[in-house]
Amino acid sequence: MYALANEIKLAFYGNRIVMFAPLYLSNYCVNGCVYCGFRTSNHFKRRRLSIDETIAEAEVLRKWGMESVLLIAGSDPLTVNLEYMLPVVRRLREMFAYISIELHPQTVDFYRELIKAGVHGMTIYQETYDQETYRKLHPTGPKSVYGNRVVAPENGARAGFYNIGVGALLGLYDWRSEAVSMAAHTLHVRKINWQVRNQVSFPRITPMEGGFEVPHPVSRHDLEQMMLAFRIYFPEIDMFISTREPHAFRMNVIQTCATHISAGSKVNPGGYVESEKQKESADVGQFTVVDDHSVPNAVDGIPILHRLFIVQQIGCQIVGVIYYPVWIHVTEVILQIFYIQKAQTKGVHYTVLRTLNIEKADVYCVLDKTINAGDFIFPDIISQDQLS
């Protein structure tokens, strides 16, 4: 699965990762979702950003180099309305190349107005596709109506969003069942509007205020298997992995399946400005951030794709060349493990040669040994002088 997913991702996306940041507008909410820090019964000091405060948050993100922003709010009628959203979006479109929203379900007309103002895409989590579990976990508020949420991506498709994302909050129900439902939902949205670019997110539930006990925990192995399967079944879709996951795991899955990652995320309104002031926020976030790396640190940690050439030799004669994609961390100049899966002949002698440009100096990786299909290899980094 690793090899096939990686091959597909490279074919459709190449050496490209999209980085975005969530921008929380309000943590007021009228819903009673039992697992969420924003639920209406959770008593804490809430905040609703003014338009100017929202722009101040956006200016911090632009200073960090962000070009893509995701606008998020709780189910707050005083924030999620056209009187507030339209002027916010119109100002943000002058600052960002891409704007997306993650809001409670809206009408087709509402979505069309946001598209006109400059919003490119929308994401909405069904949370869980199992209706009985959904009913138990969403006892009060507009969100308690299962059907309103499940049709929201369809409304977005009819409105004309370029990108539409779906997802489940993994851990609320059996992840295999959720995976099948997410795939079916994605296909349904595609049927409504074939021009839509589908997106899928894979958030695992994290501990929050109130001590919610996760009923169906999802391991990292299960999550990765699920993401690999989606990349293989949906070669062209965008796949998101957020700061809910550890840094090392995120750096791993962007090599094989994920295409979009968030970084430096603050999950409460005003969090970016407060971080610039080095002030610890007293507000409750929507979820617990696990990967708290800054944007520059996240960028430095992203592996870069290079090419590995395996040259088959018999004596002094080169009889074949096999190409493999290779991910390495340029900042550390450390090669990851390469797994030979397509060796054409077992037990033949190979020379492995990879060229890497680091600060305009040619560096090579060479392996001179006999390998078989299925072998792991650990090339050494040597200089051009050593090679000659």
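So, a few notes on the structure that sits alongside this text. Worth saying up front: this structure is predicted, and the values here are computed from it rather than measured.

Quick notes on the rules
Residues numbered from 1 in each chain as written. Predicted model: local features only at pLDDT ≥ 70, side-chain atom pairs only at ≥ 80, totals over all residues. Heavy atoms only, no water. Buried < 20%, exposed > 50% of the residue type's maximum accessible area, 1.4 Å probe, protein only. Helix = DSSP H or I, 4+ residues; strand = E, 2+ residues; numbered from the N terminus. Contact = heavy atoms within 4.5 Å. Core = buried A, V, L, I, M, F, W, Y, C linked by side-chain atoms within 4.5 Å. Axes fitted to C-alpha atoms, helices over the stretch in contact; angles between N-to-C directions. Parallel < 35°, antiparallel > 145°, perpendicular 65-115°, else oblique. Left-handed = near helix turned anticlockwise from the far one by under 90°. Nonpolar A, V, L, I, M, F, W, Y, C, P; charged D, E, K, R; others polar. Pairing = 2+ DSSP bridges. Phe/Tyr/Trp six-rings, centres within 6.5 Å; stacked < 30°, edge-to-face > 60°. Lys NZ or Arg CZ within 6 Å of the ring centre and 35° of its normal. Right-handed = clockwise from strand over helix to strand, strands pointing away. Salt bridge = Lys/Arg side-chain N within 4 Å of Asp/Glu carboxyl O.

Let's talk about helix α4 (residues 108-117)
Phase 1 of the analysis: Those residues of α4 that sit buried are Val 108, Phe 110, Tyr 111, Leu 114 and Ala 117.
Phase 2 of the analysis: On its buried face, α4 sits against α3 (82-92), β3 (98-102), β4 (121-127) and α7 (152-159).
Phase 3 of the analysis: Looking one or two residues beyond α4, the residue adopting positive phi is Gly 118, at roughly 130°.

Points about the nonpolar core
Side chains of nonpolar character tend, in soluble globular proteins, to be buried together.
Phase 1 of the analysis: In this structure, Leu 71, Phe 202 and Phe 230 are the most contacted members of the largest nonpolar core, which totals 75 residues.
Phase 2 of the analysis: For Phe 230, the residues in contact, after removing those within four places along its chain, are Ala 179, Met 182, Ala 183, Val 200, Phe 202, Ile 237 and Met 239.
Phase 3 of the analysis: Counting residues in each nonpolar core, the second largest holds 16 residues, with Cys 36, Phe 38, Phe 44 and Leu 137 among its members.

Points about the packing of helix α9 (residues 220-233) against helix α10 (residues 247-256)
Phase 1 of the analysis: Across the interface, α9 lies against α10 with an axial gap of 10 Å and an inter-helix angle of 20°. Looking at the two axes, α9 sits roughly parallel to α10. Crossing of α9 over α10 shows right-handed handedness. Facing α9, whose interface residues are Arg 220, Leu 223, Glu 224, Met 227, Leu 228 and Arg 231, α10 presents Phe 249, Asn 252, Val 253 and Thr 256.
Phase 2 of the analysis: Partitioned by chemical class, the residues of the contact of α9 with α10 number 5 nonpolar, 2 polar and 3 charged.

With respect to the pairing of strand β2 (residues 68-73)
Phase 1 of the analysis: Among the 6 residues in β2, 6 count as buried, and that is most of the element.
Phase 2 of the analysis: Here β2 shows two buried faces, one formed by Ser 68, Leu 70 and Ile 72 and the other by Val 69, Leu 71 and Ala 73.
Phase 3 of the analysis: Direction of pairing for strand β1 (residues 18-26) relative to β2: parallel, over a ladder of 5 bridges. Paired with Leu 23 across the bridge in β2 is Leu 71.
Phase 4 of the analysis: Here 5 bridges tie β2 to β3, and the two strands are oriented parallel to one another. Within β3, the residue paired with Ile 72 across the bridge is Glu 102.

Considerations on the packing of aromatic side chains
Geometrically, a pair of aromatic rings is defined through the distance of the ring centres and the angle of the planes.
Phase 1 of the analysis: In this structure the tally under the stated criterion is 10 aromatic pairs.
Phase 2 of the analysis: For the ring pair Trp 64 and Tyr 272, a centre distance of 5.6 Å and an interplane angle of 80° mean the geometry is edge-to-face. Remark: Tyr 272 occurs in helix α11 (residues 271-276) and Trp 64 occurs in the loop between α2 (51-63) and β2; sequence separation between them is 208 residues.
Phase 3 of the analysis: Among the residues examined, Tyr 272 registers a relative accessible area of 0% and is labelled buried.
Phase 4 of the analysis: Aromatic side chains Phe 110 and Tyr 111 sit 6.4 Å apart centroid to centroid with 80° between the ring planes, which places their arrangement in the edge-to-face category. Neither residue differs from the other here; Phe 110 and Tyr 111 are each classed as buried.
Phase 5 of the analysis: Ring pairing ties together the aromatic residues Phe 202, Phe 230, Tyr 233 and Phe 234, which thus form one cluster.
Phase 6 of the analysis: If you follow Arg 48 out to its NZ or CZ, it ends over the ring of Tyr 28, 4.0 Å from the centre.

Digging into the pairing of strand β6 (residues 197-201)
Phase 1 of the analysis: Here β6 lies mainly inside the structure; 4 of its 5 residues are buried.
Phase 2 of the analysis: Direction of pairing for strand β5 (residues 163-168) relative to β6: parallel, over a ladder of 5 bridges. Considered in β6, the bridge of Ile 164 is made with Asn 198.
Phase 3 of the analysis: Each parallel crossover has a hand, and the one from β5 via helix α8 (residues 175-192) to β6 is right-handed.
Phase 4 of the analysis: Direction of pairing for β6 relative to strand β7 (residues 238-241): parallel, over a ladder of 3 bridges. Bridge assignment links Gln 199 to a residue of β7, and that residue is Asp 238.

Some words on unusual backbone geometry
Phase 1 of the analysis: Positive phi values are uncommon outside glycine, yet Glu 127 reaches one of about 75°.
Phase 2 of the analysis: By secondary structure assignment, the location of Glu 127 is in strand β4.
Phase 3 of the analysis: According to the relative accessible area criterion, Glu 127 is buried, its value standing at 7%.

A look at the pattern of salt bridges
Phase 1 of the analysis: Following the criterion strictly, the structure yields 17 salt bridges and no others.
Phase 2 of the analysis: Note that Arg 176 and Asp 174 form a salt bridge whose closest N and O atoms lie 4.0 Å from each other.
Phase 3 of the analysis: The network of salt bridges with shared partners includes Arg 47, Glu 53 and Glu 274.

Points about the environment of Ala 263
Phase 1 of the analysis: On the secondary structure map, Ala 263 appears in the loop between β8 (260-262) and α11.
Phase 2 of the analysis: Contact partners of Ala 263, with chain neighbours within four places excluded, come to Met 19, Phe 20, Ala 21, Met 66, Thr 243, Arg 250, Val 295 and Ala 298.

Looking at the sheet that holds β5
Phase 1 of the analysis: Overall, parallel pairing links the 8 strands, which are arranged β1-β2-β3-β4-β5-β6-β7-β8 in a closed barrel. Along the sheet, successive strands turn relative to each other by an average axial angle of 25°, direction set aside.
Phase 2 of the analysis: Here β4 runs beside β5; their pairing, made up of 6 bridges, is parallel. Paired with Glu 127 across the strands is Ala 168, a residue of β5.
Phase 3 of the analysis: Sheet contacts for α7: β4 and β5; angle to β4, the most-contacted strand, approximately 165°.
Phase 4 of the analysis: In this fold α8 packs onto β4, β5 and β6, with an angle of close to 160° to the strand it touches most, β5.

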